[in-house]
Structure formats: C-alpha cells, structure tokens
Amino acid sequence: MEDEGILNPSNEQHLAVLHYVFLPIINRHLMLFTEGHNRGPISTEQNQSPEQMWFRGMLLNPSRRIAEEFSDQNFAHYGVDWDSPCPSAEATDEIVVVVPETELPINETEELRRLIDPL
C-alpha cells in the first residue's frame, strides 16, 4: 500500500483506518485457526484433537478437578503453568510493538462505519 502511494505510515488517520479494516479480519482468521488447531487430530495422540484430550482429562479426573477448573477464582490465572521455568529478566528476544492510540474525529468514524464493514 505504501508502494502504491495509498498509505502513509506516518499519518495517524491512515493507521487508524488500517486498524479498523484489518484488525477484525486478522482476529477472525486467528480465531478460525485456533478452532481448527484445537479440533484437528494429533497423530501421536491416537488422532485425538487437543479439545478431545482436554475433555478426556477432565472426565478421567475427579469432579473436584472439574469444579476447580471452572471456578471463578481460577480464571485470572487460566493457562498459567506455575511449574514451568520463569523467563530470564535479561531476555533479549522480547518484542515490543507500540500501537499509537489514534482516534478519528467522530464524523469520520461514523462515515467509516457506514461505508465499510470489515467483516
């Protein structure tokens, strides 16, 4: 888009419109990929999907484990592996993406919503 002269990456309005149009599309594709991955068979696990393995694990463990899994207090730490090694404080492979907080004027935002449905 830059090469075609239709995007100026220094223009905050261009970036805001780019985010408006592409972020919902990217997020939808990530959701579809995640669903496909979670439901796809893993050959080393007797062709069970990660979703099937998770359900099997929940069913084979006592109901207390299921209750703990779904209790409200555990959602804050859902997916955290407390037994895994901690990342080094000196890690150099950290990637930081700075997303500028840009907002279009209200009249332009309304016009953009009226003209373009990103999905």
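Treat the numbers as computed from the prediction; the structure is a model and nothing was measured.

Once that is clear, we can look at the overall build of the protein. Scanning the protein for helices and strands turns up four helices and zero strands. In the protein, the order of α-helices and β-strands from amino to carboxyl end is α-α-α-α. Across the 119 residues that make up the protein, the buried fraction comes to 13%. For the protein, contacts bridging at least 24 residues in sequence account for 39% of all contacts bridging at least 6.

Position of S49 among the secondary structure elements: in the loop between α1 (12-39) and α2 (50-60). Here S49 is in contact with N38, R39, G40 and P41, once residues within four sequence places are set aside.

Within the structure shown, the criterion is met by one aromatic pair. Ring geometry for W54 and F55: centres 5.1 Å apart, planes at 75°, overall edge-to-face. For F55, a relative accessible area of 45% corresponds to the partly exposed category.

Under the counting rule described, the total for this entry stands at two salt bridges. The closest approach of N and O atoms between E51 and R39, which form a salt bridge, is 3.5 Å. Of this pair, E51 sits in helix α2 while R39 is found in helix α1, placing the two residues 12 residues apart along the sequence. Across the pair E111 and R114 runs a salt bridge, and its minimum N-O distance is 2.8 Å. Placement of the pair is E111 and R114 together in helix α4 (residues 106-115), with a separation of three residues, close to one helical turn. When its relative accessible area of 34% is taken as the criterion, E111 is described as partly exposed.

Conventions used here
Residues numbered from 1 in each chain as written. Predicted model: local features only at pLDDT ≥ 70, side-chain atom pairs only at ≥ 80, totals over all residues. Heavy atoms only, no water. Helix = DSSP H or I, 4+ residues; strand = E, 2+ residues; numbered from the N terminus. Buried < 20%, exposed > 50% of the residue type's maximum accessible area, 1.4 Å probe, protein only. Contact = heavy atoms within 4.5 Å. Phe/Tyr/Trp six-rings, centres within 6.5 Å; stacked < 30°, edge-to-face > 60°. Salt bridge = Lys/Arg side-chain N within 4 Å of Asp/Glu carboxyl O.

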